[in-house]
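So you can see what is in the structure, the chains are spelled out below.
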Amino acid sequence: MQLSPQTVYNNLEFIDRVDATTSAVYRQSAQEVLADPEISLEWRKTISDRLNQVNHELTVHAHVDDDSY
């Protein structure tokens, strides 16, 4: 079952506060929306932007955490 674009967008806001499995489900849902030509271009762009932002933030935080002693 595909989630609404609004739900997918909202879920991405919490991706850094959920376990790895839930994070993967959220990312998969975002990919499904991005691949669906029936979803408006505006929604796909908005979700893509948020997914990119989340990925960047998680990457930055992962490097900081890995570097700490």
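Residues numbered from 1 in each chain as written. Predicted model: local features only at pLDDT ≥ 70, side-chain atom pairs only at ≥ 80, totals over all residues. Heavy atoms only, no water.

A. Focus on helix H2 (residues 20-35). For H2, spanning 16 residues, the distance from its first C-alpha to its last is 22 Å, which sits close to the expected 22 Å at 1.5 Å a residue. When H2 is considered as a whole, its buried residues turn out to be Ser-23, Tyr-26, Ser-29, Ala-30 and Val-33. Looking down the long axis of H2, one finds its buried residues gathered within 120° of arc, a one-sided arrangement. For H2, the exposed residues lying more than 90 degrees away from the buried face are Ala-20, Thr-21 and Ala-35. Taking the backbone nitrogen of Thr-21 as reference, a side-chain oxygen 3.0 Å away marks Asp-19 as the first, capping residue of H2. (Helix = DSSP H or I, 4+ residues; strand = E, 2+ residues; numbered from the N terminus. Expected span 1.5 Å × (residues − 1). Buried < 20%, exposed > 50% of the residue type's maximum accessible area, 1.4 Å probe, protein only. Arc of directions from axis to C-beta. Polar contact = N/O pair within 3.5 Å; in protein donor to acceptor, adjacent residues only side chain to side chain.)

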